[in-house]
Amino acid sequence: QVQLVESGGGLVQPGGSLRLSCAASGNIFRISTMGWYRQAPGKQRELVATITRGSSTNYADSVKGRFTISRDNAKDTVYLQMNSLKAEDTAVYYCNAVISTGWGVRENDYWGQGTQVSVSS
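What comes next concerns the included structure. Here the residue index of a chain counts from 1 through its sequence in written order. Totals for whole chains, interfaces and linings use all residues, but because this is a predicted model, local features are given only for residues with pLDDT of at least 70 and pairs of side-chain atoms are given and counted only at 80 or more. Water and hydrogen atoms play no part in the side-chain values, which are based on all heavy atoms of the structure.

**Things to note about the packing of aromatic side chains**
Phase 1 of the analysis: Pairing of aromatic side chains requires ring centres within 6.5 Å, counting the rings of Phe and Tyr and the six-membered ring of Trp. Pairs whose planes differ by under 30 degrees are stacked, by over 60 edge-to-face, and all others tilted. One pass over the structure, following the stated rule, counts two aromatic pairs.
Phase 2 of the analysis: Here F29 and W103 contribute two aromatic rings whose centre-to-centre distance is 6.0 Å and whose plane-to-plane angle is 85 degrees, an arrangement assigned as edge-to-face. Of this pair, F29 sits in the loop between β3 (18–26) and β4 (30–39) while W103 sits in the loop between β9 (91–100) and β10 (108–111), placing them 74 residues apart in sequence.
Phase 3 of the analysis: For the exposure calls, accessible area comes from a 1.4 Å probe over protein chains only, and a residue counts as buried if that area is under 20% of its type's maximum, exposed if over 50%, partly exposed in between. The exposed category is assigned to W103, whose relative accessible area is 78%.
Phase 4 of the analysis: Ring geometry for Y37 against W111: centres 5.1 Å apart, planes inclined by 65 degrees, an arrangement best described as edge-to-face. Strands here mean DSSP runs of E at least two residues long; helices mean DSSP runs of H or I at least four residues long; both are numbered from the N terminus.

**Looking at the sheet that holds strand β7 (residues 67–72)**
Phase 1 of the analysis: Pairing between strands requires that DSSP locate at least two bridges from one strand to the other. Taking strand neighbours across the sheet as the criterion, the four strands line up as β1-β3-β8-β7 in an open arrangement whose pairing is antiparallel. With partners counted over all chains shown, the strands left at the sheet margins are β1 (2–7) and β7, one partner each. Here the average twist between neighbouring strands, direction ignored, is 15 degrees. Helix axes are fitted to C-alpha atoms over the stretch in contact, other axes to C-alpha atoms as well, and angles between N-to-C directions run from 0 to 180 degrees.

**Focus on unusual backbone geometry**
Phase 1 of the analysis: One non-glycine residue, S55, lies in positive phi territory at about 75 degrees.
Phase 2 of the analysis: Inspection of the secondary structure puts S55 in the loop between β5 (46–51) and β6 (57–59).
Phase 3 of the analysis: Positive phi outside glycine occurs at D76, with the angle close to 50 degrees.
Phase 4 of the analysis: Assignment of secondary structure puts D76 in the loop between β7 and β8 (77–82).
Phase 5 of the analysis: You can call D76 partly exposed: its relative accessible area is 23%.

**So, the nonpolar core**
Phase 1 of the analysis: W36, L80, M82 and Y93 are the most contacted members of the largest nonpolar core, which has 29 residues in total.
Phase 2 of the analysis: Listed by contribution, the elements that provide at least two residues to this core are β1, β3, β4, β5, β7, β8, β9 and β11 (115–119).
Phase 3 of the analysis: Here the element with the most residues in this core is β9; it accounts for five residues. To define a nonpolar core, start from buried Ala, Val, Leu, Ile, Met, Phe, Trp, Tyr and Cys residues and group those joined through side-chain atoms within 4.5 Å.

From the geometry alone we can't say anything about function, so treat these as descriptive.
Dropping the structure here:
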C-alpha cells in the first residue's frame, strides 16, 4: 500500500502565499517524477508543476515565476511554494507520484486526496 498525504491548503488573500506539502509513505521502492495538479469547479484537472528525481522541473505557463516545486528524496516529500496568488488559482490541489513498489516492479501513478486552496479577499 502506498499513500500520499497533502497538507498546507487554506484560504488566502490575493497576493498572498501558501506552501503545500505531500508526503509519500508505505511500500515504496523508488519514486521517480512527483508533481502537483489542480482542479477548479467545472474544469478538468490540469498540471501545475512536476519535478523529476534529479530535480528537473516543469511548470504550467499560468504559474511560472510565481510557484516553485521542490522535493526531499530522503523524506519522499514534494513541496509547492505558491506566491503572488490570484483568484484563478482557487482549486483543489492534488499531489501525484510515480512509484515502484519493488525491484523490477512496474511504476504506477498514485494520487493524494486533494487539498483546497482558496484565494479571495
